[in-house]
Amino acid sequence: MRWSSDSRPTTLLLAALLCLAARATPAPGAKPGGSLQGIVTDKITRAPLEGAHVWIEGTSLGTATDASGRFLLTGAVPASGTLRITMLGYRAKNIEYSAGEPKPLTIALRPVVLDMGRVLVFSAPREEEAPGLAWGREASPNTEEALASLEGVDLLRRGAFGQEPVLRGLSGGRVTMLVDGMRVFGACTDRMDPATSYVDLDALGRASIHQGAFAPQHGGAIGGTVALEHRKPAFAGSPALSYGFGSGYRWGENAGKLQGRLAWSAPGDAVQLQGVYRKAEDYRAPDGVVNFSGYEKLNGSLVWLHRAGRGQRVALELLSDDAWNIGYAALPMDVGYARFRSASLAWSGSRIARRVPGARVMVYHNRVDHWMDDSKRRDLLMGMRMDMPGRTRTTGVTSALRFLPGGDWTGTAGFEAFSTSFFADMTMYPAGGAPMYLVTWPDVLTTSLAPTLALRGVLGPLNAALSLRYELHASEARDPQGVRQLETEHPRVDPRRRDSLPGASLSLAWNLLPGWTSTIAYAYGTRPPTVTEAYGYYLYDASDGYLYVGNPALRPERSHQVEWRNRFHAGRATLEVTAYHYLIRDAVYGAVSESGVPLPFAAGWKHYENAAEATLDGVELSALVPVGSGLAFYGGLNAQVGVLRDEQDYLPMMPPPEGHAALRWRHGKSVSEVRLRGALAQRRNSSLAREQETAAWAVLGLSHGAALVEGVTLSLAVDNLADTRYREHLDWGLTPRPGRTWSVALRLDR
Ligand SMILES: [Cu+2]
């Protein structure tokens, strides 16, 4: 059993049986052959599941279950391996098997309604078969745009690179970013490099979005967690080499890519090396080229998995990402170079004790460096050239232990500790004057210690999940000049702060009627101020034109949240309707400062303050309706309103009502899709952030992917078919999105 698999007692029993069976059958490495059969059911209703995808990891052997939930795999079935089962609306499951199973496997999948999470899976052998993926990998230009295809996810966009994920209108310090379980903090004082920009779409195996404070076990947050996981190699019954490469070009966006992957798999070791190179020129909007929107980037990773004794494995992972000459069309400057490096070592074990099915511990270190560049600009901010480098260094440990407290309950006890140093400065070169030096992030060291506990199980007719987290967060500004600068705005500043950050969530799900599952969840979340909010100095925000100064005396934000999620099943059609309400106390916002000296280049000064109360209310609706003959309809709608009560103002950067609808047709070895997406005008704008109304828009796209021969796929797509000039409300400046973009991509996987 792998760490990621569901850990219900029945599964454990099955795994134990499999383990015994494995000893009686030929050892791994035996000649492949034979068959494997089983049945897939809904864990709660026990109904057979039709259309679940079943495949053997590390091979191209896969199938789907029939109307009675049954599957049969024949052909070159390895003697033993990992079987992966996925289905839209259910948590994916991995189980170890050995060929020649005496009886069919029974696999129960758990509906994900309790998790409140949305997942994009890219690790399927055929990506177009991956559940939850409405718009294929090849049709998205980058990781962020692929995430934005999920309901309730939008992007802050300042150009074609480094868009920042926004969860139900919340972003920045309100969202936790995890890369393979590591905390990664961008090194730009202007948030030009969110952690998602360091994970290439072609290297991504899986992305999970947990909205709001409902999943504190995935990192304390108010807005939610974005967890990205790289594609990993798999063990194989006998040593085997696999490789893949691909190339693609997107006209309109003027962006090309080359990617390659080489993996070696054996019973005890699996090694994978992969790399992606991308280069984009300035993209084309319907009314002309958008200047300062190109970039160049190289992403690489090396993963080594080693089986270390019974049920144990060790994983070493090295990641790197380098990007240069990155244009930010909506900002007054660009980025010369952005660099990410990380190393992690993880140990995981299974069947540790009778009531401890698994444990995992990982240590990691990552380094982010960022150099802004205004050398290509003629209109300079403040009328002079500036150097603005920044860096973060993060070291952490994260661990989890799964346990079976008894009955139908499972638990996970976790602990994470991480420490990050943030430093950024600015040197200004006035024409004919001496250079001026400012510290913008005053060498801040933050340290967090956080235990977590998650329990899930059955209470009579209810499915229940309880999750708790407590974080002790300390921070200190260590640069003397930086502290003196802050003292000009905040006399008697204390450069140290310590925050106590509790989080909790409880969700209860039950089947109200056949075909109707309803979940009610409550969550309490907290978050500390970011380094920019607490200690930043002289930071220009191009979205509202103000210069910002941090406030070390800010209180942490606290949020009470309720969510009501309903899932309706009729035949194979699924409809989900979710409503939520967030109340944020001590909400951090930029308040206009009257005291600051007037500035010719900025609208004025702002400093961060706690508002007494902000609220966020919204609804999300999504539907999946198989029409028959391989045709299926997917669609979604969402609407939300954010209000800053103190200022009787709307919250800034809130998405307007938006929706998407797609028809997908599977025929033979190809998949075709037509997709329409759009948004209404945003008229509920923040006057404090000087937001302007954004017009309604809609764009149409088509995509087609086909397996030419075994292992070779060709994808063709066109987005914004009508070449409509539009921008989304969260796009900064008045920068339009790309016009009509044709794309072609070819992949080979062996
Ligand atoms: Cu920057």
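Residues numbered from 1 in each chain as written. Predicted model: local features only at pLDDT ≥ 70, side-chain atom pairs only at ≥ 80, totals over all residues. Heavy atoms only, no water.

Engineer: Any chance you could explain the sheet that holds strand 3 (residues 62-64) here in plain terms?
Structural biologist: Neighbouring strands of a sheet are bound in pairs by backbone hydrogen bonds; such pairs are parallel or else antiparallel. Taken together, four strands build an open sheet; the order of strands is 3-2-5-6 and the sheet is antiparallel. Of all strands in the sheet, those with a lone pairing partner are strand 3 and strand 6 (93-98), marking the two edges. The mean inter-strand angle of the sheet, taken between neighbouring strand axes irrespective of direction, is 20°. Bridge analysis of strand 2 (residues 53-56) against strand 5 (residues 80-86) gives four bridges, and the strand direction is antiparallel. (Pairing = 2+ DSSP bridges. Helix = DSSP H or I, 4+ residues; strand = E, 2+ residues; numbered from the N terminus. Axes fitted to C-alpha atoms, helices over the stretch in contact; angles between N-to-C directions.)

Engineer: How do you make sense of the pattern of salt bridges when you look at a structure like this?
Structural biologist: Working definition: two side chains of opposite charge can pair if their charged atoms are close together. If you walk through the whole model with that rule in mind, you get 50 salt bridges. For R250, the salt bridge is made with E253, and the minimal N-O distance between the two is 2.5 Å. With a shortest N-O distance of 3.8 Å, R675 and D719 are connected by a salt bridge. Of this pair, R675 sits in strand 39 (residues 670-679) while D719 is found in strand 41 (residues 712-719), placing the two residues 44 residues apart along the sequence. A residue is classified by how much of its surface remains accessible, and R675, at 11% relative accessible area, is buried. Each member of the salt-bridge network shares a partner with another, and the members are E145, R157, R675, R677, D719, E728, D731 and R737. (Salt bridge = Lys/Arg side-chain N within 4 Å of Asp/Glu carboxyl O. Buried < 20%, exposed > 50% of the residue type's maximum accessible area, 1.4 Å probe, protein only.)

Engineer: Please clarify how the sheet that holds strand 1 (residues 36-42) should be interpreted in this entry.
Structural biologist: Taken together, the three strands give an open sheet; going across it, the order is 4-1-7, and neighbouring strands pair in mixed fashion. Two strands close off the open sheet at either side, each with one partner strand: strand 4 (70-73) and strand 7 (105-109). Direction aside, neighbouring strands of the sheet carry axes that sit 25° apart on average. Alignment of strand 1 against strand 4, held across four bridges, turns out to be antiparallel. Residue pairing across strands places L36 opposite L73, the latter belonging to strand 4.

Engineer: I keep staring at the nonpolar core and nothing clicks. Help me out?
Structural biologist: Most often, soluble globular proteins have nonpolar side chains that are buried together. With 83 residues, the main nonpolar core has V226, I326, M386, M428 and Y538 as its most contacted residues. Ranked by the residues each element gives to this core, the list is headed by strand 26 (residues 409-429), at five residues. If you look at the next biggest cluster of nonpolar residues, it comprises 18 residues, including F214, Y582, A614 and L651. (Core = buried A, V, L, I, M, F, W, Y, C linked by side-chain atoms within 4.5 Å.)

Engineer: How do you make sense of helix 3 (residues 480-489) when you look at a structure like this?
Structural biologist: Owing to its 3.6 residues per turn, the α-helix aligns residues three or four sequence positions apart on the same side. Of all the residues in helix 3, the buried ones are G482, V483, Q485 and L486. Relative to the axis of helix 3, the buried residues are bounded by an arc of 155° and lie together on one face. Turned more than 90 degrees off the buried face of helix 3, the exposed positions are P480, R484 and T488. Summarising the contacts, the buried residues of helix 3 are in contact with strand 27 (436-459), strand 28 (462-477), helix 4 (531-535), strand 31 (537-541) and strand 32 (546-549). Regarding helix 3, its N-cap is D479, as a side-chain oxygen of that residue lies 3.1 Å from the backbone nitrogen of Q481 further along. (Arc of directions from axis to C-beta. Contact = heavy atoms within 4.5 Å. Polar contact = N/O pair within 3.5 Å; in protein donor to acceptor, adjacent residues only side chain to side chain.)

Engineer: Looking at this structure, how should I read unusual backbone geometry?
Structural biologist: The general pattern is negative phi for most residues beyond glycine and trans for most peptide bonds. The phi dihedral of Q648 is positive, around 45°, even though this residue is not glycine. Relative accessible area serves as the criterion here: at 77%, Q648 is assigned to the exposed category. The backbone of D723 shows a phi angle near 55°, a positive value even though the residue is not glycine. Its place among the elements puts D723 in the loop between strand 41 and strand 42 (741-749). Taking the relative accessible area as the measure of exposure, D723 reaches 22% and is therefore partly exposed.

Engineer: Is there a simple way to explain the coordination of the copper ion in this structure?
Structural biologist: Angles at a metal have ideal values that depend on geometry: 109.5 degrees with four tetrahedral donors, 90 or 180 degrees with six octahedral donors. Coordination of the copper ion by the protein is provided by C188 (SG), M192 (SD), H370 (NE2) and M372 (SD), with metal-donor distances spanning 2.1 to 2.7 Å. Binding-site remark: the copper ion is held by donors from one chain whose sequence spacing is C-x3-M-x177-H-x1-M. Here the residue C188 occupies a position in the loop between strand 12 (182-183) and strand 13 (204-211), and H370 occupies one in strand 23 (residues 356-373), the gap between them amounting to 182 residues. Accessibility assignment for this pair places C188 and H370 in one class, buried. (Donors = N, O, S within 2.8 Å, 3.2 Å for Na, K, Ca; no water.)

Engineer: Please explain the domain arrangement of the protein chain as it appears in this structure.
Structural biologist: When the parts of a complex come together, some accessible area is lost, and that lost area is often used as the size of the interface. The domains assigned to the protein chain are domain 1 (9-110) and domain 2 (137-301 + 311-374 + 397-749). Averaged C-alpha coordinates put domain 1 and domain 2 at centres separated by 33 Å. (Domains from an automatic or database assignment.)

Engineer: Any chance you could explain the side chain of R174 here in plain terms?
Structural biologist: Tracing the chain through its elements places R174 in the loop between strand 10 (164-167) and strand 11 (175-179). Take R174: its relative accessible area is 16%, and that puts it in the buried class.

Engineer: Help me understand the packing of aromatic side chains, please; the structure alone is not making it clear to me.
Structural biologist: Aromatic ring pairs are defined here through the distance separating the ring centres and the angle between the ring planes. With the rule as written, the count across this model stands at 14 aromatic pairs. When the centroid spacing of 5.1 Å and the interplanar angle of 40° are considered together, the rings of Y548 and Y608 count as tilted. Pair noted here: Y548 is in strand 32 and Y608 is in strand 35 (residues 604-628), with a separation of 60 residues, a long-range link. Taking relative accessible area as the criterion, Y608 reaches 13% and is therefore assigned buried. Each member of the aromatic cluster is reached from another via a ring pair, and the members are F185, F418, F422 and W441. The ring of F235 has R307 lying over it, and the distance from NZ or CZ to the ring centre is 4.3 Å. Looking at K606, its charged tip hangs above the ring of Y546, at a distance of 4.3 Å from the centre. (Phe/Tyr/Trp six-rings, centres within 6.5 Å; stacked < 30°, edge-to-face > 60°. Lys NZ or Arg CZ within 6 Å of the ring centre and 35° of its normal.)

Engineer: Help me understand the pairing of strand 42, please; the structure alone is not making it clear to me.
Structural biologist: Regular strands place side chains that alternate from one sheet face to the opposite one. Where strand 15 (residues 240-250) meets strand 42, seven bridges bridge the pair, whose relative direction is antiparallel. From the neighbouring strand, G246 faces strand 42, where its bridge partner is R747. With eight bridges joining them, strand 41 and strand 42 adopt antiparallel strand pairing. Opposite T713, over in strand 42, you have R747 as the bridge partner.

Engineer: Which parts of the structure should I look at to understand empty space enclosed by the protein?
Structural biologist: Any space left empty among the atoms is revealed by the rolling of a water-sized probe across them. In the structure shown here, the tally under the stated rule is six cavities of 30 Å³ or more. Size it by volume and the second largest cavity reaches roughly 110 Å³. Together, 15 residues line the second largest cavity, and N142, E144, F161, S197 and K297 are the ones closest to its centre. Secondary-structure elements contributing two or more residues to the lining of the second largest cavity are helix 2 (143-147) and strand 20 (295-307). (1 Å grid on protein atoms, 1.4 Å probe; cavity = no way out; pocket = protein on both sides within 12 Å on 5 of 7 lines; lining within 4 Å. Points joined across faces, edges and corners; volume = space filled by probe spheres on them.)

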